[in-house]
Amino acid sequence: MRILVTGGAGFIGSHVVDAYLAEGHEVRVIDNLATGRRANVNAKARLHEIDIHSLETDQVFREFRPEVVNHHAAQASVKLSAADPQHDLEVNGGGTARIAFLAAQHGVRKVIYSSTGGALYGTPERVPVDEGHPIRPLSAYGLSKRVGELYLDLAARTQGLAFTILRYANAYGPRQDPHGEAGVVAIFTGRMLRHEPCTIDGDGEQEKDYVFVGDIARANVIALEKGEGEALNVGTGRGTSVNAIFDALQRATGDTTPPLHGPPRPGDVRRIWLDSARAGQVLGWTPVVPLDEGISRTVEWFRANS
Ligand SMILES: NC(=O)c1ccc[n+]([C@@H]2O[C@H](COP(=O)([O-])OP(=O)(O)OC[C@H]3O[C@@H](n4cnc5c(N)ncnc54)[C@H](O)[C@@H]3O)[C@@H](O)[C@H]2O)c1
């Protein structure tokens, strides 16, 4: 299958590219390297270093004639979205509108879209949060990802586009940017390997759902054939506190530097984890990498690559 992956030089997108290539598909990547890295892109995939808004993107659709588009390109930092909400609307909302309508126009069979479970629902009325939970994002990032979902839905209703939306929990694993604005596992791993103190926001008892990037990539492989018209949570159904992540990473790295404590993050959701039962029913997907194993694989990768 010819598959175009936007954002394929980024953390999650690059694992999706690897997984598609491993299945024997032909893969091209569109990425403007805003946060992505050329080194993340598998040598068997051709990288077009362009913006999803550019005219060249249309050219890639025309020339490559993708059967599936997997859309991962985005401004993915909640923190940055607070400073520049309009940028998120342009990249995540407008960018997804562009990809959805280009895909429809060029006869793409399906678009798979990386949405967010962690930043979409707002403060949960109940945990685990299922897909029927009210959608009340607390950040411009979460809202802009929702706008992307709605454009796909519009293209489906008006142009007959097929799509699957995957709403990820907090992803972690190899290649996550340790200098980025998000991703506590990567940030702490980077600091622990340099024996620098980690700063825990607030009391560290806030609990999130951490899903290993390899499990996410597998959901994207299954979604090539299943889950049409669905928006599906992709998480572990389990909450883990920042303090527990810190302890697990100290065990894995051998670092013993005590943590610092900072103020709680404004707008941070205190407790959220996702119910992914529907992904189980529709895709036959369940996460298989336990947190301790995912953390040791992540630390191993950072040791070898920093
Ligand atoms: N990391 C998470 O925990 C998480 C959770 C839920 C959803 N997501 C979603 O998954 C996707 C990937 O996130 P990530 O964590 O790998 O982030 P990332 O920043 O590593 O990946 C995003 C990629 O998109 C590229 N990009 C950004 N703007 C672009 C543009 N205008 N044109 C072309 N390329 C552009 C970047 O260079 C980067 O390679 C995003 O859509 C994000 O919203 C991530």
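Given the structure is predicted, the values throughout are model-derived calculations rather than measurements. (Residues numbered from 1 in each chain as written. Predicted model: local features only at pLDDT ≥ 70, side-chain atom pairs only at ≥ 80, totals over all residues. Heavy atoms only, no water.)

Chemist: Looking at this structure, I do not really get the pattern of salt bridges. What am I missing?
Modeler: When the charged atoms of two side chains with opposite charge come close together, those side chains can pair. Evaluation of the coordinates by the stated rule reveals 20 salt bridges. Between Asp-130 and Arg-126 there is a salt bridge, with the nearest N and O atoms lying 3.3 Å from each other. For Asp-130, a relative accessible area of 26% translates into the label partly exposed. Between Arg-157 and Asp-153 there is a salt bridge; the shortest N-O distance is 3.2 Å. Note that Arg-157 and Asp-153 are positioned in helix 5 (residues 140-159) at a spacing of four residues, about one turn of the helix. (Salt bridge = Lys/Arg side-chain N within 4 Å of Asp/Glu carboxyl O. Buried < 20%, exposed > 50% of the residue type's maximum accessible area, 1.4 Å probe, protein only. Helix = DSSP H or I, 4+ residues; strand = E, 2+ residues; numbered from the N terminus.)

Chemist: Would you mind showing me how to read the sheet that holds strand 5 (residues 110-116) here?
Modeler: Through backbone hydrogen bonds, the strands of a sheet pair up, either in parallel or in antiparallel fashion. Read from one edge of the open sheet, seven strands run 3-2-1-4-5-6-11, paired in parallel fashion. The open sheet has two edge strands with one neighbour each: strand 3 (46-48) and strand 11 (230-234). Between one strand axis and the next, the sheet turns through 20 degrees on average, direction left out of account. Bridging between strand 1 (residues 2-6) and strand 4 (residues 68-71) involves four bridges; their strand directions are parallel. In the sheet register, Leu-4 faces strand 4, and the bridge partner there is Val-69. Each of strand 5 and strand 6 (163-168) is contacted by helix 5, which is oriented at about 160 degrees to strand 5, the strand it contacts most. (Pairing = 2+ DSSP bridges. Axes fitted to C-alpha atoms, helices over the stretch in contact; angles between N-to-C directions. Contact = heavy atoms within 4.5 Å.)

Chemist: I tried to follow the site of the ligand on my own but got confused; where do I start?
Modeler: What surrounds the ligand is a group of 28 residues, the closest being Ile-12, Asp-31, Thr-35, Tyr-141 and Lys-145. Here Ser-114 contributes a side-chain N or O atom positioned 3.0 Å from an oxygen atom of the ligand. Within the contact set of the ligand, an oxygen atom lies 2.7 Å away from a side-chain nitrogen or oxygen of Lys-145. Against a free-state accessible area of 820 Å², the protein chains account for coverage of 90% of the ligand. (Near = heavy atom within 4 Å. Polar contact = N/O pair within 3.5 Å; in protein donor to acceptor, adjacent residues only side chain to side chain. Areas by Shrake-Rupley, 256 points an atom, 1.4 Å probe, with all protein chains shown as cover.)

On their own, these measurements won't tell you what the molecule is for.
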